[in-house]
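Summary of the model geometry
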Amino acid sequence: MSVEGRRVEIRGIVQGVGFRPWVFRLARAHDLGGWVRNDAGGVTIEAFGPVDALEAFLHELGAAPPPAAVIRSLESHRIAGRSTTAFEIVASAAAPDRRVSIPADLPTCSNCLAEVLDPADRRYRYPFTNCTNCGPRFTVARDVPYDRPATTMAAFEMCSACRQEYESPEDRRFHAQPNACPICGPRLWLRDRGGQPISGDPIKEAARLLRQGLIVAVKGLGGFHLACDATSGTAVVELRRRKRRDAKPFAIMAATPEEAERLGDISRTERALLESAERPIVIVDRRPESGLAANVAPHNPTVGLMLPYTPLHHLLLHDTGLPLVMTSGNLGEEPLAYRNDEALARLAGIADAFLLHDREIETRCDDSVARVIASRPTVFRRSRGYVPRAIPIARAFREPVLACGAMLKNTFCIGTGETAYLGPHVGDLENLETYESFEHAVERLQRFVGVRPQILVHDLHPEYLSTRYARSRDDVRLIPVQHHHAHVASVMAEHGLDGPVLGIAYDGTGLGPDGAAWGGEFLLVDRAGFRRLATCRPLVLAGGDTAIRQVWRQALALLTDAFDGNPPTAGLALFQRVPDSHIHVVRQMMAAGVNCPRAHGVGRYFDAVGSIGLARPVSRYEGHVALEWNLAAAPNDHGSYPFALSPGPAVLEIDLRAAVRAIVSDLRAGEHPAVVSARFHSTLVDATVAVVHQILAQHGPMPVALSGGCFQNRRLTEGILARVGDGVRVVRHEQVPPGDGGLALGQAFAANGLLESPELAGTAPTGTHPL
């Protein structure tokens, strides 16, 4: 019988998911000889045997990989045959062409959880139990290929029992890199806020403290959580006070999907998202009878729920017997704490106790957040569970690029070959600690990918710390990309579109090439540039950024514009909460045009109208009043208000002054704010659809791409999808955040388009491309 050989190169998520053990068993089942190994690009196999056996082996390789694996490419080449029936897993090989094939961290599988809860099992109540189907991956990896010596588990030498599992082809822990047990693996302990040990079973004692209403810092997979009893209003208020988080919703961890369904009104799609391998926080409608403290999400009918994704979380929820607040372990807008000494120092003023362990976290990775919009999941924050999963790009990058993202909700992106890698959520780049976290995260991902891009892409805003970072790098080429161009380009990249597309970018603000604050934009976009076709009538920001926090200033500007300089503040509850002297000063500022930049952002309209409708003078966090105004809307269709499409100074403008006058009339007549909010949403939907139809009639059919933070608003997004018409293809974000967390992907995509257009290669900023 003749023996032939095949060399197989597999790329994708094929490390850390039990891929080599699966290949080993598959080869043995077909009586093949050879070897399999990890390399810097993925997995390489050399297999030898009869032709029929090789063909069957190759077919099964592509048809039924392990559950957590994702094969992006499989290439097979004939090589000389070799007479051997021995098949083995050989040492990993490094190579200059590196591709990240490490998977994201994986939630505890049912088999491991059963062992953890079984008193007869040697891993009973062991919080670091894992196998090839679950456990830490990206957060413990120090380098590629993904092997134990290149992870933080290298510090733990396996005992004989674990080593036998690791080396047994029939065991599900065969080559499970983080494999460990109570004898040889990481350990857990509990300390008080002064760093002194607390005796007893650490998890049971932590659960006892939580039941008493105390706050416990819990070291998880990608960093620390701050936990407390989610049913105790007193505990939640105290956590808010200590964490300096007045109003922003807290995430809740429920022990089981069934408990989650008692807390939230969860659809089948939402439950599938909760139980998915990514285990994100899922925003759902809260049940009135949930028993959750009202202040877990003040003035908010939704709740962010997630399920346990490590044995430690499962045990803590089991022993506590309560749903728990599980919010990021930080103070204010500081970065997530992820090392023991750092947590003890930074969180001592918040936590009453610390549940610590000695498995180091190499890369901090906050929880991801998602919501189901129009029956499909949409990622709002892309981090643990998703990173470093690659985003395939239809057209290869001409050169590696590093896109630095925006200031708020920052992520960055490395583009190389046919792949883009979005880094983990960094947060708002507003302080030194978060900026340093950004720098470290960039360095780590560059090391994983094996490139140090010489082309850096940044936002037009010169004061963004991400822009300053790009400009601080030596010997690099800088490409500035306009904020809303990048938003639309991120949708194009996610859906493999080259353009042209009609991009609708709705958010709070982003610097335009004309120096104005944009954010209600209709852009004609292709790979290398854009043309602005329409926008929203601008509002005055009296006091600049101060008006974004003191939203009553935006409301006053909105009324001043709509009522020809005579804002009807009397009879509106909002202005009873603002001192007359303050109103007088702001009116003088606007009349003189002092520190009164104009902003086109749709988010500013949500702030202004929401401030009036809800009588909210101040925004406690980014998007606070806009979110409450969205969530306040009555569920049914209550009609809409008038608007106009007017020729502005340069482009078409959506003019909502007539709508504002009608809103004031309704509120003064006693109409419920929920009805007013519903009508406002419908008005914005109607205006958007009217502009879309007018542009498509003028420029011809093309896809419509929705992006920007306002499209996290389910009512707005679903309204546009429902009313735009069957003949219009609308694309929107799903795996990439619509807000600034997805901006870096669009920056990288747009920069690559510029590099492919020699006549525009030196253009700065983007926006002059003749479409």
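Preceding this paragraph is the structure being described.
A few words on the overall build of the protein chain. Broken down by element type, the protein chain carries 23 helices and 31 strands. Rg of the C-alpha trace for the protein chain: 27 Å, near the compact-globule value of 28 Å for 771 residues, within the 12% margin. Projected onto its principal axes, the C-alpha positions of the protein chain cover 90 × 65 × 50 Å. Within the span of the protein chain, comprising 771 residues, buried residues form 63% of the whole. Long-range contacts, defined here as pairs at least 24 residues apart, represent 71% of the contacts in the protein chain between residues at least 6 apart. When the accessible area of the protein chain is evaluated, it comes to approximately 28200 Å², of which 49% is carbon and sulfur surface. Positive and negative side-chain charges in the protein chain, numbering 82 and 85 respectively, have mean positions lying 2 Å apart.

Looking now at the packing of aromatic side chains. In the structure shown here, the tally under the stated rule is 13 aromatic pairs. Ring centres of Phe24 and Phe174 lie 5.3 Å apart, and the angle between their planes is 65 degrees; on these two criteria the pair is classed as edge-to-face. Of this pair, Phe24 sits in helix α1 (residues 19-29) while Phe174 is found in the loop between α4 (160-167) and β6 (188-192), placing the two residues 150 residues apart along the sequence. Given a relative accessible area of 9%, Phe24 falls into the buried group.

Axis separation between helix α11 (residues 432-449) and helix α12 (residues 465-472) bottoms out at 11 Å; the angle between their running directions is 55 degrees. When the axis of α11 is compared with that of α12, the two are oblique. α11 and α12 meet at a crossing whose hand is right-handed. Between α11 and α12, the contacting residues are Tyr435, Phe438, Glu439, Val442 and Glu443 on the first element and Leu465, Tyr469 and Ser472 on the second.

Of all hydrophobic cores here, the largest spans 66 residues; its most connected members are Tyr506, Phe522, Val704 and Leu716. Among the elements that take part in this core, helix α21 (residues 673-699) stands out by supplying 10 residues, more than any other. With 40 residues, the next largest nonpolar core counts Phe250, Ala293, Ala337 and Val372 among its residues.

Below, the discussion takes up α21. Owing to its 3.6 residues per turn, the α-helix brings residues three or four apart onto one side. Helix length check: α21, at 27 residues, gives a terminal C-alpha distance of 39 Å against a target of 39 Å (1.5 Å per residue), a fit within 8%. Judged by how many residues are buried, α21 sits mostly within the fold: 19 of 27 residues are covered. Gly700 sits one or two residues past α21 and shows a positive phi near 95 degrees.

Below, the discussion takes up the pairing of strand β29 (residues 652-655). Judged by which residues are buried, β29 turns out to be covered on both faces: Leu652 and Ile654 on one side and Glu653 and Asp655 on the other are all buried. Note: strand β25 (residues 529-536) against β29, 3 bridges, orientation parallel. Paired with Ala534 across the bridge in β29 is Leu652. Relative to β29, strand β28 (residues 644-647) runs antiparallel, the two being bridged by 4 bridges. The partner of Ala644 across the bridge, within β29, is Asp655. Between β28 and β29, which pair antiparallel in sequence order, lie 4 residues.

Moving on: the environment of Glu671. Take Glu671: it is sitting in the loop between α20 (657-668) and α21. Using a relative accessible area of 28% as the deciding quantity, one classes Glu671 as partly exposed. Once you skip the residues sitting within four places of it in the chain, Glu671 turns out to touch Asp666, Val676 and Arg679.

With that settled, consider the sheet that holds strand β4 (residues 70-79). Taken together, 5 strands build an open sheet; the order of strands is β4-β1-β3-β2-β5 and the sheet is mixed. Strand pairing shows two members of the sheet lacking a second neighbour, β4 and β5 (87-89), which therefore form its edges. Each strand of the sheet is rotated relative to its neighbour by a mean of 15 degrees, with strand direction disregarded. By the bridge criterion, 7 bridges tie strand β2 (residues 33-39) to strand β3 (residues 42-49) in an arrangement that is antiparallel.

Attention shifts here to the pattern of salt bridges. Evaluated as defined, the whole model comprises 54 salt bridges. Note that Glu628 is salt-bridged to Arg616, the shortest N-O span being 2.7 Å. Residue Glu628 is found in helix α19 (residues 624-631), and its partner Arg616 is found in the loop between α18 (602-614) and α19; the two are separated by 12 residues along the sequence. Taking the relative accessible area as the measure of exposure, Glu628 reaches 6% and is therefore buried. Among the salt bridges present, the one from Arg679 reaches Asp666, with a minimum N-O distance of 2.8 Å. Of this pair, Arg679 sits in helix α21 while Asp666 sits in helix α20, placing them 13 residues apart in sequence.

So, about the sheet that holds strand β22 (residues 477-480). The mixed open sheet is built from 6 strands, whose spatial order is β17-β20-β19-β18-β21-β22. Only two strands of the sheet have a single neighbouring strand rather than two, namely β17 (391-392) and β22. Here strand β18 (residues 401-403) pairs with strand β21 (residues 455-458) via 3 bridges, running parallel. Directly across from Val401, in β21, lies its bridge partner Ile455.

What follows deals with the pairing of strand β19 (residues 413-416). Of the two faces of β19, the one holding Cys413 and Gly415 and the one holding Ile414 and Thr416 are both buried throughout. As paired elements, β18 and β19 share 3 bridges and run antiparallel to each other. Bridge pairing in β19 places Ala403 opposite Cys413. Where β19 meets strand β20 (residues 419-422), 4 bridges bridge the pair, whose relative direction is antiparallel. Bridging across to β20, Cys413 finds its partner in Leu422. Hairpin connection of β19 to β20: 2 residues between the antiparallel strands, including Gly417 at a positive phi of 60 degrees.

Rules of the game
- Residues numbered from 1 in each chain as written.
- Predicted model: local features only at pLDDT ≥ 70, side-chain atom pairs only at ≥ 80, totals over all residues.
- Heavy atoms only, no water.
- Helix = DSSP H or I, 4+ residues; strand = E, 2+ residues; numbered from the N terminus.
- Rg over C-alpha atoms; globule rule 2.2 N^0.38 Å.
- Buried < 20%, exposed > 50% of the residue type's maximum accessible area, 1.4 Å probe, protein only.
- Contact = heavy atoms within 4.5 Å.
- Areas by Shrake-Rupley, 256 points an atom, 1.4 Å probe, with all protein chains shown as cover.
- Lys, Arg positive; Asp, Glu negative; His and termini not counted.
- Charge placed at Lys NZ, Arg CZ, Asp CG, Glu CD.
- Phe/Tyr/Trp six-rings, centres within 6.5 Å; stacked < 30°, edge-to-face > 60°.
- Axes fitted to C-alpha atoms, helices over the stretch in contact; angles between N-to-C directions.
- Parallel < 35°, antiparallel > 145°, perpendicular 65-115°, else oblique.
- Left-handed = near helix turned anticlockwise from the far one by under 90°.
- Core = buried A, V, L, I, M, F, W, Y, C linked by side-chain atoms within 4.5 Å.
- Expected span 1.5 Å × (residues − 1).
- Pairing = 2+ DSSP bridges.
- Salt bridge = Lys/Arg side-chain N within 4 Å of Asp/Glu carboxyl O.

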